[in-house]
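Residue-level structural notes
Single-letter residue listing:
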Amino acid sequence: MTSTAVVVGNPKPQSRTFAAAEYLARELTGGEPDLVVDLAAVGAELLDWKSPSVGALVEQVGAANLVIVASPTYKATYTGLLKLFLDRFAGGTGLRGVAVPLMLGAGPGHALAAELHLRPLLTELGGTVPGRALYVLDSQYDDPSAYKDWLDDTLPAVTGLLAGLPA
């Protein structure tokens, strides 16, 4: 079973969103994630609903104890690439662990996008979302202080929820 999974919905491989999501996974768990799904690398295969490799990724992510789901802000919400992947998860049971929504954006005008769009979707798929969603400015993706307040508020809830899940 995958303990920690990261899903990155940025169409650019190895993006700032990717780096931010990996950083957050390390901060939440104290180690490297077990699985990192950079959807830019999966690409057009997401359109093949019979793809066994995409099906396997869905199963692994769905079974993870902790999933960080990250996207840049596109048109005031998450990317279509991420939507293609998340559409494969069953409603209510597709995510069975703790889910953390993370979005990056160019300015504070879209700071509620993660809370209004991504958080409810992860909840609908069955994830337990502790605290509020996290929004980080693109220009601060590599600045630990951009995550500090959110981590101070949310890390205890994540730790508590993970302690109650099977290893």
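Heads up: the structure comes first, above all this text.
Residues numbered from 1 in each chain as written. Predicted model: local features only at pLDDT ≥ 70, side-chain atom pairs only at ≥ 80, totals over all residues. Heavy atoms only, no water.

1. A look at the overall build of the protein
Note the cut-off: Put simply, DSSP marks the helices as runs of H or I at least four residues long and the strands as runs of E at least two long, and each gets a number from the N terminus on. As a reference, a globule follows 2.2 Å times the number of residues to the power 0.38, and the radius of gyration itself is taken over C-alpha atoms. Throughout this description, buried means an accessible area under 20% of the type-specific maximum (1.4 Å probe, protein chains only), exposed means over 50%, and partly exposed covers the range between. Note on definitions: a residue-residue contact is assigned when non-hydrogen atoms from the two residues lie within 4.5 Å. Throughout, the Shrake-Rupley method with a 1.4 Å probe supplies accessible areas, and for residues the shown protein chains are the sole cover considered. Under this rule, positive means Lys or Arg and negative means Asp or Glu; His and the chain ends count for nothing. We put the charge of a Lys on NZ, of an Arg on CZ, of an Asp on CG and of a Glu on CD.
Across its full length, the protein holds six helices and five strands. Reading the secondary structure of the protein in the N-to-C direction produces β-α-β-α-α-β-α-β-α-β-α. Against the compact-globule benchmark of 15 Å for 167 residues, the protein has a radius of gyration of 14 Å, which places it among compact chains. Judged by the C-alpha coordinates and their principal axes, the protein covers about 40 × 35 × 25 Å. For the protein, with 167 residues in total, the buried portion stands at 48%. Of all intrachain contacts in the protein linking residues separated by at least 6 positions in sequence, the fraction that spans at least 24 positions is 79%. Split by element, the accessible area of the protein, about 7,600 Å² in all, is 56% carbon and sulfur. Distance from the positive charge centre (11 side chains) to the negative charge centre (17 side chains) of the protein: 6 Å.

2. Looking at the pairing of strand β1 (residues 4–8)
The following threshold applies: The rule for pairing is simple: two strands pair if DSSP sees at least two bridges between them. Seen with its strands pointing away from the viewer, a crossover is right-handed when the path leading from the first strand over the helix to the second is clockwise.
Counting buried positions over the five residues of β1 gives five, a clear majority of the element. Because side chains alternate across β1, one face comprises the buried residues Thr4, Val6 and Val8, and the other comprises Ala5 and Val7, equally buried. Examined bridge by bridge, β1 and strand β3 (residues 66–72) share five bridges and lie parallel to one another. The partner of threonine 4 across the bridge, within β3, is leucine 66. Both β1 and strand β2 (residues 35–38) contribute to a ladder of four bridges, which runs parallel. What sits directly across from alanine 5, in β2, is leucine 35. Read from β1 through helix α1 (residues 16–29) to β2, the crossover connection turns out right-handed.

3. Some remarks on the nonpolar core
How we decide: By nonpolar core we mean a set of buried residues, namely Ala, Val, Leu, Ile, Met, Phe, Trp, Tyr and Cys, connected to one another through side-chain atoms within 4.5 Å.
Residues Leu39, Val61, Phe85 and Leu86 are the most contacted members of the largest nonpolar core, which totals 32 residues. Secondary structure elements with two or more residues in this core: β1, β2, α2 (39–42), α3 (52–63), β3, α4 (80–86), β4 (98–105) and α5 (113–124). Top contributing element to this core by residue count: α5, with five residues. Leaving out residues up to four positions away in the same chain, leucine 39 has contacts with Val7, Val8, Gly9, Leu46, Leu81, Leu82 and Phe85. In this structure, Phe18, Leu28, Val98 and Leu102 belong to the second largest nonpolar core, which totals 22 residues.

4. As for the pattern of salt bridges
Applied cut-off: Every case where a carboxyl oxygen of Asp or Glu lies within 4 Å of a side-chain nitrogen of Lys or Arg is listed as a salt bridge.
Summed over all chains, the structure comprises six salt bridges. Ionic pairing is found between lysine 83 and aspartate 87, a salt bridge with its closest N-O pair at 2.6 Å. Owing to a relative accessible area of 36%, lysine 83 belongs among the partly exposed residues under this scheme. Assessed through its relative accessible area of 40%, aspartate 87 is described here as partly exposed. The salt bridge partner of aspartate 152 is lysine 148, with a shortest N-O separation of 2.6 Å.

5. Thoughts on the packing of α1 against helix α6 (residues 145–163)
Note the following rule: To obtain each axis, a line is fitted to C-alpha atoms, and for helices this fit is confined to the stretch in contact; angles are then taken between N-to-C directions over 0 to 180 degrees. Oblique is the label for any angle not under 35 degrees, not over 145, and not in the 65 to 115 range, which are roughly parallel, roughly antiparallel and roughly perpendicular in turn. Two helices that cross are described as forming a left-handed crossing if the nearer one is turned anticlockwise from the farther one by less than a right angle, and a right-handed crossing if clockwise. Under the grouping applied here, Gly and all other residues not named as nonpolar or charged are polar, the nonpolar ones being Ala, Val, Leu, Ile, Met, Phe, Trp, Tyr, Cys and Pro and the charged ones Asp, Glu, Lys and Arg.
Axis separation between α1 and α6 bottoms out at 10 Å; the angle between their running directions is 50 degrees. It follows that α1 is oblique to α6 by the angle criterion. Here the hand of the crossing between α1 and α6 comes out right-handed. Here α1 contributes Ala20, Tyr23, Leu24, Glu27 and Leu28 to the contact with α6, which in turn contributes Tyr147, Trp150, Leu151, Leu155 and Val158. Across the contact of α1 with α6, the residue classes tally to nine nonpolar, no polar and one charged.

6. Here's the deal with the environment of alanine 157
Relative to the assigned elements, alanine 157 resides in helix α6. Judged by its relative accessible area of 31%, alanine 157 falls in the partly exposed class. Separated by 27 residues in sequence, alanine 157 and proline 130 have C-alpha atoms that sit 6.1 Å apart.

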